[in-house]
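Fold and contact review
Each chain, letter by letter, is given below.
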Amino acid sequence: MTLKSCCPAMPNSLLWAVDIFGRVYTLATAGQYWELCKDAHLEFKRVSAVKQCCWGIACDNQVYVYVCSSDVPIRHREETYENQRWNPVGGFCEKLMPSDRWQWSDVSGLKHQQLDSLVLPSPHWEWESDWYVDENFGGEPTEKGGWTYAIDFPATYTRDKKWNSCVRRRKWIRYRRYKSRDTWAKIPSQDDPKQLPDPFNDLSIGGWEITDEPIGRLSVWAVSLQGKVWYREDVCHPNPEGSSWSLVDTPGEAVQISCGPYDLLWATLWEGQAMVREGIDRNNPKGCSWSIVEPPVPENGIMHISVGVNVVWAVTKDRKVWFRRGVNSHNPCGTSWIEMVGEMMMVNVGLNDQVWGIGCDDRAVYFRQGVTPSELSGKTWKAIIANRENDRSHTGSSSSLLSAGCFFGDEVRGSGDSLGPSDTDTSSEAERPGLLPEDEPCLGHGRPRGEEEAVSSVNREGKAQGTAPAELPWTNIDLKETRKTCAHSASCFAETPSLSSLGLFPMGLEEGYGADDHPLWAWVSGGGCTVDAHTVLKWFTIQSGLSASMQTLSLSITPAQTAAWRKQIFQQLTERTKRELENFRHYEQAVEQSVWVKTGTLQWWVDWKPHKWIDVRVALEQFTGNDGTRDSILFIYYMFHEEKKYIHIFLNEVTVLVPVLNEAKHSFALYTPEKTKQRWPIRLAAATEQEMYDWLALLSTSCSESRRIQGRPSPQAIWSVTCKGDIFVSEPSVDLEAPGHPMPCDQMFWRQMGGHLRVVECNSHGVVWGIGYDHTAWVYTGGYGGGFFQGLASSTSNIYMQSDVKCVYIYENQRWNPVTGYTSRGLPTDRYMWSDVTGLQECTKANTKPPSLHWTWVSDWYIDFNISGGTDREGWQYASDFPSSYHGYKTMKDFVRRRRWARKCKLVTSGPWLEVAPISLWDVSIIPGYEEGSKDSIALWAISDKGDVLCRLGVSELNPAGSSWLHVGTDQPFISVSVGAFYQVWAVARDGSAFYRGSVSPRQPAGDCWYHIPSPPKQKLKQVSVGQTSVYALDENGNLWYRQGITPSYPQGSSWDHVSNNVRKVSVGPLDQVWVIANKVQGSHSLSCGTVCHRTGVQPREPKGQGWDYGIGGGWDHVSVRANATKAPKSVSQEMAQDSPSRTADPEEGDESRESSFSNKTMLVVHAGQEANGSAVTC
């Protein structure tokens, strides 16, 4: 489906619905119209959707799946092994010993697997290519033919043939691609008729939060017409169809089923009870047993059920809506039922536990407003009155229906019975979905006993006085009021549930509704629709009172015309101001200088020992000169030995202000060049979070005014990100890359930008991309400020809402006891049994808080199985002692073990960033620069969170987000990519080897093939950065490597040359300048982690540079200098020095010269025994 609009503040997700004629529609969170799904010839009874796909049951009772399109294809690698044994007569041959494995087998050798035995699982797949040999082994190329050798089967294989290599094998690979995207694909039936399930009645998708392995795993549950429950095996991203249906035993005949994102699974029985599946976890996604839950009212059983993360909603046979209290992972059955306002045909719980429903009488789709993590039951039902896609030229259907007096009840009303309230009416019970006034049949409502609700009275005599509103009325109360049952309920609803009562209307309604008719819905699914408290939806209002010509006129005004009008008006106002002020220029200025002072009370982390927080008075004095320039001084008054003293800081000397967020203090750090050298910033703390941000915003604005830096960053700016996700930008000086005496980078001024990211990459034409902790891609919009910056410190446009999700990790540690086995009681010298990764700080589930008050928990604690080294089935890692190298299996020498627990938290902020949907990214790289005036798009490459290599098309200065993704085929997942000048593309695979992409050009943006580059000896690479002529790579041990021998005729280079150690990140600019994030840097107060460092002495004849210049830090995690193409002007002496031949060193100066050269090339080395700086903004 094509999404007609893009929402800047949130991902554009879809709400799925089925009308009474079996047509499937989608409604985008950023849209206003229902769009008809493709394959309109299929008629469906119901659907169940998640973000990436939708499953449905058609009217032929067959199951179909609709996989949404994406720029990244769904690929599955089929592999088989060819095995051979050495024969003294003929060498290696196909004849094996009787005890050997098959000649063609799987990796274990136990399954016979010939090339022609691997076929496509269904017609929805196609082969990408023919079978070929994998010549890559452990990141290293093998000999021609791809053979690996061993002593015997099975054994450890090597790529080199030895004298005792008696067997060999090689791997054959073939990729298949899923081709049925953006279309309904029929799930293939099993070949065995005895195992074929009978026709299905209902299905539900969920379980995507149970585990991350395999990627995109889903739990698909279904109920057949005979009341049996089935589970679809092996449904995941590489296999969207699954493999087979398996029968799950139940205590009774099921009618309907619902599966949540985690471990909740409920189903309804024919007798009206509900059954709950227990024991669902990562290792057993199908669960182990059922528990029975009685209905709210014995005489009216449960007809429909829907579950989320921690909620269960139900509809009984009398159409009453109920909410289950006390539901969570530890108690999936809950505690009690609460009756809610409204009467519905069905309800559906989507993402973030948001709720949708189908009205009982009007068959409209309703949304439950006010659902938050603290109030899961919500507040009101509100009708969605969006038109269909083909109704854009007509007026709002809901408005015309109300004005016609039709509410889709048992009868068509006259004009005098309109439900629109008069000007004296207030919101009342008669305005609820599916609810009519007391004099109408079929609908009763009330609230449970003991609940107090304010209910407004209804002015029934004034019903015909007002006009129909442009918006359907909605409730403003929560729980239902008790009242007597409707006398006509038996005639309105069936006593037993059926497909007709929950799904399609009778076949007599063959004609579709007209353009102005209100759509009648039969089913809704919000499992793929992302809505939270900050989401602004356009579903609930329509334009009324405008003629068709006026609506057409308003739609014809484009944003470009609006922007042109604003620019013209601004120019006219500017010229008018100049004309009016021209006559007053000869007057003297009344005030030559003004002074503005702000005072307050803060706390200061003192410089002397013992270091502690003390109360101080602070005063910010701001001076405005005759020329309008501003300068500021910050005074800190404190008491020392009962004597009043103070220190002062000139804000034009401040280099950066960094928020330091933790649960103990609301503090921020202030750096100057001197404090940067000492690695000891001035730390100030406020009593409240708001006060801290007020001071931070004021000081940041004053610093920018003192340096006359305002507005958006320049295209040449240097971007960086702290370990907390804060974004900073610095305007480079022309002397920063000067060959002789470059400007020290500790004098660079960094100002904060709004937003929250993990990675930022840029180029010299203003194109900036970022990646959040949840792998969401963001593009820079050109604004500045956002977040806590308000007023003049933030632009009024191009600021959008931004959210990010990250995981907080703690570790459970245990030691082996010969009597009891592994236990939580360790030795006195052991680490805490619940700790952080270092073991030095105690971190339990109860005392571990989110990173700051801005973050909120969005999940419970769960075991994290995705950790380096692997885990066993319970998530444990084993080692001989703390700390040590951990592995995922137990040996006789393992006396300790640990496992990692994770919990997700979410941050909502704002900044000049716009989301680039829908693919999640791990890494991104933009070409540093390209020719001015070139019509070619800017090269942008990325790595998805699944390891796919992508190339972005259509990126330009006017369209930095680009248009679409182009997938670049690889044989294995990648983790890093970098595109340098002249379209040099380098990448790093997950196994640590490097690759070069050949023939990349504007006309061939994806290139043609990968060239394997061996990694440095015994090292695994993790990042690569390409400049103009230089290529630098970083390995997992923090070693920085330079690629020697790169020439235009041989762009792959010849060898790796070691440059430095102790490096965390590297960034190479368009001038081949090298900047890194150092892991640890020595300062006057011990070590500082995460410091921005600049490589000095980088010249064409010395591409590796000579030394390091330490800049801002610690606490920094990423830097990007790929936009800084600012060249320093050459002096006459430098030009003469370059023209003159290099002099020969004096023999007498040889030792001194060698000593100086050695000191210039000093590595970033620190001693492991030194203590980390407790005052710096540490990671």
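Residues numbered from 1 in each chain as written. Predicted model: local features only at pLDDT ≥ 70, side-chain atom pairs only at ≥ 80, totals over all residues. Heavy atoms only, no water.

Quick note on the threshold: UniProt positions are given in the numbering used here, feature names are shortened, and annotations may be inferred rather than shown by experiment.
Identification of the protein chain as Tectonin beta-propeller repeat-containing protein 1 from Monodelphis domestica is taken from an unreviewed UniProt entry. A UniProt comment under Sequence similarities (unreviewed entry) is attached to the protein chain, and it reads "Belongs to the TECPR1 family." Check the Subunit (unreviewed entry) section of the UniProt entry for the protein chain; it says "Interacts with ATG5; the interaction is direct. Interacts with WIPI2. Interacts with the ATG5-ATG12 conjugate, the interaction is however mutually exclusive with ATG16, since it does not interact with ATG12-ATG5-ATG16 complex."

A word on the overall build of the protein chain
What counts, and what does not: The way it works is that DSSP assigns letters per residue, a run of H or I at least four long becomes a helix, a run of E at least two long becomes a strand, and they are numbered from the N terminus. Any two residues whose heavy atoms approach within 4.5 Å at even a single point are treated as in contact. Surface accessibility follows the Shrake-Rupley procedure with a 1.4 Å probe radius. Residue values consider only the protein chains on display as shielding.
In terms of regular secondary structure, the protein chain is built from 9 helices and 71 strands. Of all intrachain contacts in the protein chain linking residues separated by at least 6 positions in sequence, the fraction that spans at least 24 positions is 59%. When the accessible surface of the protein chain is totalled, it reaches about 54500 Å², and 51% of it is carbon and sulfur.

Section: unusual backbone geometry
Rules: Each residue gets one of three labels from its accessible area relative to the maximum for its type: buried under 20%, exposed over 50%, partly exposed in between, using a 1.4 Å probe on protein chains only.
A cis amide bond, omega -5°, links K609 with the succeeding residue P610. In this fold, P610 is placed in the loop between β34 (594–605) and β35 (613–624). The backbone of R363 sits at a positive phi, close to 55°, despite the residue not being glycine. Secondary-structure assignment places R363 in the loop between β29 (355–359) and β30 (365–369). Look at R363 and you get buried, because its relative accessible area is 7%. Of note in the backbone geometry, D1072 takes a positive phi value of approximately 65° without being a glycine. With respect to the element layout, D1072 can be found in the loop between β67 (1063–1068) and β68 (1074–1083). For D1072, a relative accessible area of 9% corresponds to the buried category.

So, the packing of aromatic side chains
Quick note on the threshold: Here the aromatic set is Phe, Tyr and Trp, taking the six-membered ring for Trp, and pairing holds for ring centres within 6.5 Å; pairs whose planes are under 30 degrees apart are stacked, those over 60 apart are edge-to-face, and all others are tilted. Lysine and arginine charges are scored as sitting over a ring when NZ or CZ, respectively, is within 6 Å of the ring centre and within 35 degrees of the ring normal.
Tallied over the entire structure, the rule returns 42 aromatic pairs. Relative to W184, the ring of W16 lies with its centre 6.2 Å away and its plane at 75°, an arrangement referred to as edge-to-face. Of the two residues, W16 is situated in strand β1 (residues 14–19) and W184 in strand β16 (residues 184–186); the sequence distance between them amounts to 168 residues. Of the aromatic side chains, those joined through ring pairs into one cluster are W16, F44, Y64, Y66 and W184. The ring of Y886 is capped by R898, whose NZ or CZ atom sits 3.8 Å from the centre of that ring. The ring centre of W1108 lies 4.7 Å from the NZ or CZ of R1095, which sits over that ring.

Here's the deal with the sheet that holds strand β64 (residues 1031–1035)
Worth spelling out the cut-off: Whether two strands pair comes down to DSSP finding at least two bridges between them. Between N-to-C directions, angles span 0 to 180 degrees; the directions come from axes that are lines fitted to C-alpha atoms, helices contributing only their stretch in contact.
The antiparallel open sheet is built from 4 strands, whose spatial order is β63-β64-β65-β66. Two strands close off the open sheet at either side, each with one partner strand: β63 (1021–1026) and β66 (1055–1060). Across the sheet, the axes of successive neighbouring strands diverge by a mean angle of 30°, strand direction being ignored. Of the strand pairs in this sheet, β64 and strand β65 (residues 1040–1044) are connected by 3 bridges, and their pairing is antiparallel.

A word on the nonpolar core
To keep it simple, the criterion reads: Nonpolar cores were defined as sets of buried Ala, Val, Leu, Ile, Met, Phe, Trp, Tyr and Cys residues, with membership established by side-chain atoms within 4.5 Å.
Ranked by internal contacts, the top residues of the largest apolar core, which has 37 residues, are L15, W16, W34, W184, W356 and I384. Element by element, the count of residues in this core is highest for β1, at 5 residues. Each residue touching I384, except ones within four places of it in the same chain, is listed here: L15, L27, W34, W356, V365, F367, W539 and F540. V72, V779, A939 and V955 belong to the second-largest nonpolar core, a separate cluster that totals 36 residues.

Remarks on the pattern of salt bridges
To keep it simple, the criterion reads: The working definition used for a salt bridge is a side-chain nitrogen of Lys or Arg within 4 Å of a carboxyl oxygen of Asp or Glu.
Across all of its chains, the model carries 26 salt bridges by this definition. Residue R85 pairs with D100 through a salt bridge whose shortest N-O separation is 2.6 Å. Of this pair, R85 sits in strand β7 (residues 75–87) while D100 sits in the loop between β8 (91–93) and β9 (104–105), and the two are 15 residues apart along the sequence. There is no split in this pair, since R85 and D100 are both buried. The partner of K677 in a salt bridge is D746, and the shortest N-O contact between them spans 3.1 Å. Residue K677 is located in helix α6 (residues 673–678), and its partner D746 is located in the loop between β42 (727–730) and β43 (750–753); the two are separated by 69 residues in the primary sequence. Classification of K677 as partly exposed rests on a relative accessible area of 47%. For D746, a relative accessible area of 6% corresponds to the buried category.

A closer look at the side chain of S993
Where we set the bar: We call two N or O atoms a polar contact when they sit within 3.5 Å, provided that within protein one can donate a hydrogen and the other can accept it, with sequence-adjacent residues counted only if both atoms are side-chain atoms.
Structurally, the position occupied by S993 is in the loop between β60 (985–989) and β61 (994–998). In this structure S993 comes out as buried when scored by relative accessible area, which is 1%. Here the side chain of S993 touches D991 through a polar contact of 2.7 Å, side chain to side chain. Not counting residues up to four positions away in its chain, the partners in contact with S993 are G139, Q972, A987, V988, H1012, I1013 and S1015.

Section: the environment of I257
Tracing the sequence through the fold places I257 in strand β21 (residues 254–259). A relative accessible area of 2% places I257 in the buried class. The spatial distance from the C-alpha of I257 to the C-alpha of H304 is 8.2 Å, given a sequence separation of 47 residues.

Focus: the sheet that holds β1
Two strands in a sheet stick together by hydrogen bonds in their backbones, pointing the same way (parallel) or opposite ways (antiparallel). Here 5 strands make up an open sheet; going across it, the order is β32-β3-β2-β1-β33 and the pairing mixed. Two strands bound the open sheet, and with one partner strand each, they are β32 (387–388) and β33 (521–525). One ladder, built from 2 bridges, connects strand β2 (residues 24–28) with strand β3 (residues 33–36); its direction is antiparallel. Looking at β3, one finds that Y25 is bridged to L36.

Looking at the pairing of β64
Of all the 5 residues making up β64, 5 are buried; the element is thus mostly covered by neighbouring parts of the structure. Alternating residues of β64 divide into V1031, A1033 and D1035 and Y1032 and L1034, and every residue in both groups is buried. Of the pairings in the sheet, the one linking β63 to β64 comprises 5 bridges and is antiparallel in character. Bridging across to β64, Q1023 finds its partner in L1034. Linkage of β63 to β64, two consecutive antiparallel strands, is achieved through a turn of 4 residues.

Considerations on the UniProt feature "domain: PH" (unreviewed entry) in the protein chain
This chain's UniProt record puts "domain: PH" (unreviewed entry) on residues 665–704. Helix makes up 55% of residues 665–704 and strand 28%, whereas the separation of the span's terminal C-alpha atoms amounts to 26 Å.

Some points on the environment of E143
Mapping E143 onto the fold places it in the loop between β13 (140–141) and β14 (148–150). By relative accessible area, which is 43% here, E143 ends up partly exposed. C-alpha separation for the pair E143 and D160, spaced 17 residues apart in sequence, amounts to 7.9 Å. Ignoring sequence-local partners within four residues, the contact set of E143 consists of Y149 and R159.

Considerations on helix α7 (residues 689–706)
The condition is simple: Expected helix span is computed as 1.5 Å times (number of residues minus one).
Here α7 spans 26 Å end to end across 18 residues, near enough to the 26 Å set by a 1.5 Å rise per residue. Across the 18 residues that make up α7, a large majority, 13, are buried. R708, located one to two residues past α7, shows a positive phi value of around 55°.

Considering the side chain of D100
When its relative accessible area of 15% is taken as the criterion, D100 is described as buried. At 2.6 Å, the side chain of D100 forms a polar contact with the side chain of R85. If near-sequence neighbours (up to four positions away) are discounted, D100 is found in contact with R85, D152 and F153.

Focus: the confidence of the model for the protein chain
Inclusion rule: Confidence of the predictor at the level of single residues is captured by pLDDT, which takes values from 0 to 100.
Taken residue by residue, the protein chain gives an average pLDDT of 80. The fraction at 70 or more is 78%. Per-residue pLDDT stays below 50 along residues 1–10; that stretch engages in 30 contacts with residues further than four places along the chain or on separate chains. Within the model, the stretch residues 393–511 combines pLDDT values under 50 with 237 contacts to residues more than four positions away or in other chains.

Thoughts on the state of the cysteines
The line we're drawing: Counting rule for disulfides: a pair of cysteine sulfur atoms within 2.5 Å.
The final tally for this structure, using the stated rule, is 0 disulfides. With no disulfide of its own, C745 has C1093 as its nearest cysteine by sulfur position, at a separation of 6.8 Å. The class for C745 is buried, based on a relative accessible area of 3%.

Points about the environment of Q1082
Secondary-structure assignment places Q1082 in strand β68. Its relative accessible area of 39% is what places Q1082 among the partly exposed residues. In this structure the C-alpha to C-alpha distance between Q1082 and R679, which are 403 residues apart in sequence, comes to 8.3 Å.

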